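# A structural walkthrough
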Amino acid sequence: MRALVIDGPNINMLGIREPAIYGTQDYRALCELIRRAGAEAGFERTDHVQSNHEGDLVDAIQRALGAYDGIVINPAAYTHTSVAILDALKAVALPCVEVHISDVPAREAFRQVSYVRQACFATITGEGIQGYAHALDLLARRLSPGNAS
Ligand code: DQA
(Lines give C-alpha, C1' and ligand atoms only; values in the text may rest on other atoms or scores of the structure.)
Protein backbone atom coordinates (compact mmCIF):
# COMPACT_ATOMS: atom_id res chain seq x y z
CA MET A 1 0.00 0.00 0.00
CA ARG A 2 1.24 3.46 -0.92
CA ALA A 3 -0.14 6.75 0.40
CA LEU A 4 0.36 10.29 -0.84
CA VAL A 5 -0.07 13.17 1.62
CA ILE A 6 -0.69 16.54 -0.04
CA ASP A 7 -0.44 19.86 1.78
CA GLY A 8 -1.58 23.19 0.40
CA PRO A 9 -0.48 26.80 0.91
CA ASN A 10 1.16 28.02 4.12
CA ILE A 11 1.36 24.57 5.71
CA ASN A 12 5.15 24.96 5.31
CA MET A 13 4.84 27.90 7.75
CA LEU A 14 3.74 25.69 10.64
CA GLY A 15 5.29 26.70 13.94
CA ILE A 16 5.61 30.31 12.73
CA ARG A 17 2.09 30.89 11.47
CA GLU A 18 -0.64 31.72 14.04
CA PRO A 19 0.60 29.28 16.72
CA ALA A 20 -2.56 29.79 18.78
CA ILE A 21 -4.52 28.22 15.91
CA TYR A 22 -2.04 25.83 14.26
CA GLY A 23 0.21 24.94 17.20
CA THR A 24 3.92 25.39 17.85
CA GLN A 25 5.21 22.29 16.08
CA ASP A 26 6.92 23.15 12.82
CA TYR A 27 6.68 21.75 9.30
CA ARG A 28 9.65 19.44 9.87
CA ALA A 29 7.79 17.90 12.80
CA LEU A 30 4.80 17.38 10.51
CA CYS A 31 6.99 15.69 7.85
CA GLU A 32 8.44 13.39 10.51
CA LEU A 33 5.00 12.59 11.95
CA ILE A 34 3.66 11.70 8.49
CA ARG A 35 6.63 9.43 7.79
CA ARG A 36 6.22 7.62 11.11
CA ALA A 37 2.40 7.47 11.06
CA GLY A 38 2.37 6.12 7.50
CA ALA A 39 4.65 3.24 8.48
CA GLU A 40 2.65 2.57 11.66
CA ALA A 41 -0.59 2.49 9.65
CA GLY A 42 0.94 -0.20 7.43
CA PHE A 43 1.92 1.76 4.31
CA GLU A 44 5.04 0.49 2.57
CA ARG A 45 5.51 3.94 1.18
CA THR A 46 4.20 7.33 2.35
CA ASP A 47 5.19 10.31 0.25
CA HIS A 48 4.48 13.92 1.19
CA VAL A 49 4.26 17.00 -1.01
CA GLN A 50 3.50 20.63 -0.16
CA SER A 51 2.86 23.52 -2.50
CA ASN A 52 1.61 27.07 -2.28
CA HIS A 53 0.27 26.83 -5.85
CA GLU A 54 -3.12 25.44 -6.84
CA GLY A 55 -1.93 23.98 -10.17
CA ASP A 56 0.91 22.11 -8.44
CA LEU A 57 -1.65 20.48 -6.16
CA VAL A 58 -3.75 19.47 -9.20
CA ASP A 59 -0.59 18.04 -10.84
CA ALA A 60 0.27 16.07 -7.69
CA ILE A 61 -3.24 14.57 -7.57
CA GLN A 62 -3.11 13.63 -11.27
CA ARG A 63 0.31 12.01 -10.86
CA ALA A 64 -1.02 9.94 -7.96
CA LEU A 65 -3.07 7.84 -10.37
CA GLY A 66 -1.38 4.47 -10.72
CA ALA A 67 1.37 5.45 -8.28
CA TYR A 68 -0.55 5.50 -4.96
CA ASP A 69 -3.48 3.64 -3.43
CA GLY A 70 -4.92 6.61 -1.58
CA ILE A 71 -4.53 10.27 -0.70
CA VAL A 72 -4.61 12.36 2.48
CA ILE A 73 -5.07 16.02 1.62
CA ASN A 74 -5.02 19.30 3.48
CA PRO A 75 -5.75 21.79 0.69
CA ALA A 76 -5.49 24.61 3.29
CA ALA A 77 -7.10 27.82 1.96
CA TYR A 78 -7.88 26.11 -1.38
CA THR A 79 -10.31 23.89 0.54
CA HIS A 80 -12.73 26.78 0.48
CA THR A 81 -12.25 27.92 -3.12
CA SER A 82 -10.92 25.22 -5.44
CA VAL A 83 -13.21 23.43 -7.83
CA ALA A 84 -10.03 22.42 -9.73
CA ILE A 85 -8.73 20.39 -6.79
CA LEU A 86 -12.15 18.77 -6.32
CA ASP A 87 -12.29 17.88 -10.01
CA ALA A 88 -8.77 16.39 -9.91
CA LEU A 89 -9.69 14.22 -6.91
CA LYS A 90 -12.85 13.08 -8.70
CA ALA A 91 -10.85 12.38 -11.87
CA VAL A 92 -8.36 10.03 -10.20
CA ALA A 93 -11.09 8.58 -7.94
CA LEU A 94 -8.61 7.36 -5.32
CA PRO A 95 -9.84 6.93 -1.72
CA CYS A 96 -9.16 10.26 -0.05
CA VAL A 97 -9.26 11.72 3.47
CA GLU A 98 -9.53 15.48 4.05
CA VAL A 99 -7.56 16.74 7.04
CA HIS A 100 -7.36 20.13 8.76
CA ILE A 101 -5.09 21.01 11.65
CA SER A 102 -7.42 23.58 13.18
CA ASP A 103 -11.01 23.22 14.33
CA VAL A 104 -12.45 24.57 11.07
CA PRO A 105 -16.14 24.19 12.07
CA ALA A 106 -15.50 26.61 14.96
CA ARG A 107 -13.89 29.25 12.72
CA GLU A 108 -15.04 31.96 10.25
CA ALA A 109 -18.08 31.53 8.01
CA PHE A 110 -15.90 31.62 4.86
CA ARG A 111 -14.13 28.45 6.03
CA GLN A 112 -17.35 26.47 6.33
CA VAL A 113 -17.44 25.53 2.65
CA SER A 114 -15.23 22.62 1.57
CA TYR A 115 -15.22 21.76 -2.12
CA VAL A 116 -12.91 18.76 -1.71
CA ARG A 117 -15.19 17.12 0.88
CA GLN A 118 -17.37 15.77 -1.95
CA ALA A 119 -14.47 13.61 -3.09
CA CYS A 120 -13.37 12.42 0.38
CA PHE A 121 -14.73 9.52 2.43
CA ALA A 122 -13.73 11.15 5.75
CA THR A 123 -12.82 14.56 7.17
CA ILE A 124 -10.66 15.18 10.23
CA THR A 125 -10.50 18.59 11.88
CA GLY A 126 -9.20 20.06 15.12
CA GLU A 127 -6.74 17.32 16.08
CA GLY A 128 -3.62 19.38 15.39
CA ILE A 129 -0.89 17.74 13.31
CA GLN A 130 -1.84 14.43 14.94
CA GLY A 131 -4.89 14.55 12.67
CA TYR A 132 -2.62 13.37 9.82
CA ALA A 133 -1.88 10.16 11.73
CA HIS A 134 -5.61 9.67 12.24
CA ALA A 135 -6.22 10.27 8.52
CA LEU A 136 -3.51 7.78 7.47
CA ASP A 137 -4.98 5.20 9.84
CA LEU A 138 -8.47 5.67 8.35
CA LEU A 139 -7.04 5.41 4.84
CA ALA A 140 -5.16 2.20 5.68
CA ARG A 141 -8.32 0.66 7.14
CA ARG A 142 -10.25 1.64 4.05
CA LEU A 143 -7.65 -0.02 1.83
CA SER A 144 -7.37 -3.19 3.92
CA PRO A 145 -8.38 -6.41 2.22
CA GLY A 146 -11.85 -7.41 3.29
CA ASN A 147 -13.04 -3.84 3.56
CA ALA A 148 -15.36 -3.56 0.59
CA SER A 149 -16.58 -0.06 1.47
C1 DQA B 1 -6.45 24.62 7.38
C2 DQA B 1 -7.70 25.46 7.58
C3 DQA B 1 -7.91 26.43 6.42
O4 DQA B 1 -9.09 27.19 6.60
C5 DQA B 1 -6.72 27.39 6.33
O6 DQA B 1 -6.87 28.23 5.21
C7 DQA B 1 -5.42 26.68 6.33
C8 DQA B 1 -5.22 25.50 7.15
C9 DQA B 1 -6.12 23.74 8.59
O10 DQA B 1 -5.30 22.85 8.44
O11 DQA B 1 -6.66 23.95 9.68
O12 DQA B 1 -4.46 27.18 5.72
O13 DQA B 1 -6.64 23.78 6.27
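Our subject in this report is the structure included herewith. (Residues numbered from 1 in each chain as written. Predicted model: local features only at pLDDT ≥ 70, side-chain atom pairs only at ≥ 80, totals over all residues. Heavy atoms only, no water.)

Our focus in this paragraph is the sheet that holds strand β1 (residues 2-7). Pairing is parallel in the open sheet, where 5 strands are placed in the order β2-β1-β3-β4-β5. At either margin of the open sheet sits one strand with a lone partner, and together these are β2 (45-50) and β5 (122-124). Each strand axis lies, on average, 20° off the axis of its neighbour in the sheet, ignoring direction. Strand direction decides the pairing type here: strand β3 (residues 70-74) and strand β4 (residues 96-99), joined by 3 bridges, are parallel. In the sheet register, Ile-73 faces β4, and the bridge partner there is Glu-98. Contacts from helix α2 (residues 27-41) reach β1 and β2, with the element oriented near 155° to β2. (Pairing = 2+ DSSP bridges. Helix = DSSP H or I, 4+ residues; strand = E, 2+ residues; numbered from the N terminus. Axes fitted to C-alpha atoms, helices over the stretch in contact; angles between N-to-C directions. Contact = heavy atoms within 4.5 Å.)

Here we take up the nonpolar core. Proteins that are soluble and globular tend to have nonpolar side chains buried together. With 26 residues, the main nonpolar core has Ile-11, Leu-14, Leu-30, Val-72, Tyr-132 and Leu-136 as its most contacted residues. At the level of secondary structure, the elements contributing two or more residues to this core comprise β1, α2, β4, β5 and α5 (130-143). With sequence-adjacent residues up to four places away left out, Leu-136 is seen in contact with Ala-3, Val-5, Ile-34, Ala-37, Gly-38, Ala-41, Phe-43, Thr-46 and Val-72. The next biggest cluster of nonpolar side chains, apart from the first, holds 21 residues, and it includes Leu-89, Val-92, Cys-96 and Ala-119. (Core = buried A, V, L, I, M, F, W, Y, C linked by side-chain atoms within 4.5 Å. Buried < 20%, exposed > 50% of the residue type's maximum accessible area, 1.4 Å probe, protein only.)

Further remarks concern the pattern of salt bridges. One pass over the full model with this rule turns up 8 salt bridges. With a shortest N-O distance of 2.8 Å, Glu-32 and Arg-35 are connected by a salt bridge. Residue Glu-32 and its partner Arg-35 are both found in helix α2; the two are separated by 3 residues, about one turn of the helix. Given a relative accessible area of 33%, Glu-32 falls into the partly exposed group. Note that Arg-117 is salt-bridged to Glu-98, the shortest N-O span being 2.8 Å. Taken together, the residues Arg-117 in the loop between β4 and β5 and Glu-98 in strand β4 connect sequence positions 19 residues apart. With relative accessibility at 36%, the residue Arg-117 sits in the partly exposed group. Because the salt bridges share partners, they merge into one network encompassing Glu-32, Arg-35 and Arg-36. (Salt bridge = Lys/Arg side-chain N within 4 Å of Asp/Glu carboxyl O.)

Glancing now at the state of the cysteines. Applying the stated criterion to the full structure yields 0 disulfides. Here Cys-96 is not disulfide-linked; the sulfur of Cys-120 is the nearest cysteine sulfur, at 3.6 Å. (Disulfide = S-S within 2.5 Å.)

Moving on, we come to the packing of helix α3 (residues 54-64) against helix α4 (residues 83-92). Between α3 and α4, whose axes approach to 9 Å, the crossing angle comes to 5°. Considered as vectors, α3 and α4 are oriented roughly parallel to each other. Mapping the contact onto sequence places Glu-54, Leu-57, Val-58, Ile-61 and Gln-62 in α3 and Ala-84, Ile-85, Ala-88, Leu-89 and Val-92 in α4. Residues of the contact of α3 with α4, tallied by class, amount to 8 nonpolar, 1 polar and 1 charged. (Parallel < 35°, antiparallel > 145°, perpendicular 65-115°, else oblique. Nonpolar A, V, L, I, M, F, W, Y, C, P; charged D, E, K, R; others polar.)

Before going further, it helps to examine the side chain of Ser-114. Relative to the elements of secondary structure, Ser-114 occurs in the loop between β4 and β5. Side chain to side chain, Ser-114 and Glu-98 meet in a polar contact 2.9 Å long. For Ser-114, the side chain forms a polar contact with the main-chain nitrogen of Arg-117, separated by 3.2 Å. For Ser-114, the residues in contact, after removing those within four places along its chain, are Thr-79 and Glu-98. (Polar contact = N/O pair within 3.5 Å; in protein donor to acceptor, adjacent residues only side chain to side chain.)

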